[in-house]
Amino acid sequence: MTAIAVQAQRLLAHRRPKKSFFETFIRSLIILCVAIAVVLSSVSVCDGHWLFAKGHLFGLWHFCTVSNSTILKCVTDLNQASVEGINFGMILARSVVSLAVVVAIFGLELLMVSQVCEDTNSRRKWSMGSILILLSFLLSSSGVLSFLILLKDYITFLGFTLTFWCEFIAACLFFLNGMSGLHINTITYPWNRARKF
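Treat the numbers as computed from the prediction; the structure is a model and nothing was measured.

1. Side note on the environment of Trp 50
1) Next: Among the secondary structure elements, Trp 50 is positioned in strand 1 (residues 49-53).
2) Next: Here the alpha-carbon distance between Trp 50 and Val 144, two residues 94 residues apart in the chain, equals 9.7 Å.
3) Next: At a separation of 3.1 Å, a polar atom in the side chain of Trp 50 contacts the side chain of Ser 44.

2. With respect to the nonpolar core
1) Next: Phe 58, Ile 86, Met 90, Phe 147 and Leu 151 are the most contacted members of the largest nonpolar core, which has 22 residues in total.
2) Next: Every element with two or more residues in this core is listed here: strand 1, helix 3 (86-116) and helix 4 (122-150).
3) Next: Contacts of Leu 151, omitting those with residues within four sequence positions, involve Leu 51, Phe 58, Val 83, Ile 86 and Met 90.
4) Next: Grouped together as the second largest cluster of nonpolar side chains are 14 residues, Val 34, Ala 37, Val 38 and Leu 108 included.

3. Some points on the side chain of Asn 177
1) Next: When you line up the elements, Asn 177 lands in helix 5 (residues 162-187).
2) Next: Looking at Asn 177, its side chain comes within polar contact range of the main-chain oxygen of Leu 173, at 2.7 Å.
3) Next: Ignoring sequence-local partners within four residues, the contact set of Asn 177 consists of Ile 30, Cys 33 and Val 34.

4. Considerations on the packing of helix 2 (residues 21-47) against helix 3
1) Next: The geometry of helix 2 relative to helix 3 is characterised by a closest axis approach of 10 Å and an angle of 160° between their N-to-C directions. By the angle between their directions, the pair helix 2 and helix 3 is classed as roughly antiparallel. Here helix 2 runs over helix 3; the crossing is left-handed. In contact with Arg 27, Ile 30, Ile 31, Val 34, Ala 35, Val 38, Ser 41, Ser 42 and Val 45 of helix 2, helix 3 contributes Val 97, Ser 98, Val 101, Ala 104, Ile 105, Leu 108, Leu 111, Met 112 and Gln 115.
2) Next: Of the residues that constitute the contact of helix 2 with helix 3, the class distribution is 13 nonpolar, four polar and one charged.

5. Some details on the sheet that holds strand 4 (residues 72-75)
1) Next: The strand order across the open sheet built from four strands is 1-2-3-4, with neighbouring strands paired in antiparallel fashion. Across the chains shown, the open sheet's two edge strands, defined by having one partner strand only, are strand 1 and strand 4. Across the sheet, the mean angle separating the axes of adjacent strands is 20° when strand polarity is ignored.
2) Next: As paired elements, strand 3 (residues 63-66) and strand 4 share four bridges and run antiparallel to each other.

Definitions and cut-offs
- Residues numbered from 1 in each chain as written.
- Predicted model: local features only at pLDDT ≥ 70, side-chain atom pairs only at ≥ 80, totals over all residues.
- Heavy atoms only, no water.
- Helix = DSSP H or I, 4+ residues; strand = E, 2+ residues; numbered from the N terminus.
- Polar contact = N/O pair within 3.5 Å; in protein donor to acceptor, adjacent residues only side chain to side chain.
- Core = buried A, V, L, I, M, F, W, Y, C linked by side-chain atoms within 4.5 Å.
- Buried < 20%, exposed > 50% of the residue type's maximum accessible area, 1.4 Å probe, protein only.
- Contact = heavy atoms within 4.5 Å.
- Axes fitted to C-alpha atoms, helices over the stretch in contact; angles between N-to-C directions.
- Parallel < 35°, antiparallel > 145°, perpendicular 65-115°, else oblique.
- Left-handed = near helix turned anticlockwise from the far one by under 90°.
- Nonpolar A, V, L, I, M, F, W, Y, C, P; charged D, E, K, R; others polar.
- Pairing = 2+ DSSP bridges.

Okay, here's the thing in C-alpha cells:
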C-alpha cells in the first residue's frame, strides 16, 4: 500500500458520517436565529433609548428631556436624570450588554465553522458556540435587569421603547438557541460511536 493510500484511509477514518436533512435544517435554523438575535441586540445597544416616562427618555448612553416643542434635548451626563446611582449603573448595564453582543458573535462564528468545516472537532465547536450563546443570554439579561432596577420608579409597560423590546427578544433568542444547540448535540448520534459500526 502506498503512502498516498494510507493518508487517504486516515482522512476517510476521521470524516464524519453524513448528517440527515432534518439535523442540518435544525442546525441551520439555530444559526439563523442566533444571527437575528445578534442584529437585534446590536441595534438595541447602539440606539440605547429604552424607556420613555414622565417626559424623559432614559437610555444607556443619553438622558433626554422632551420640551413643549417636542424637541429632544439629550445630554450624556446621566446624573441630570436625578436618579440615584444612575451614572455607575448605566455604565455597568451598557458594558454588560455590549459584551453580550461580542460573546454572541464569537458563539455564532463557532456554530458556523462547525457546520462549514466538518471534522472530528465539529461537535466540540458546536457545543462551545452554544455555551457562548448561553453566556450572552446571561450577560444581556443581567444588563436588562440592572436597567429595570435602576429605573424601577419610572417603569410603565407602555413606556418601553422598541429598542428595549429588541434587546428583550434578543435575550430570549439567545436562551432558546443556546439550549437548543446543546440539546441537538446530545440527541444526535455521537460520531465516534457511529464510526465503530
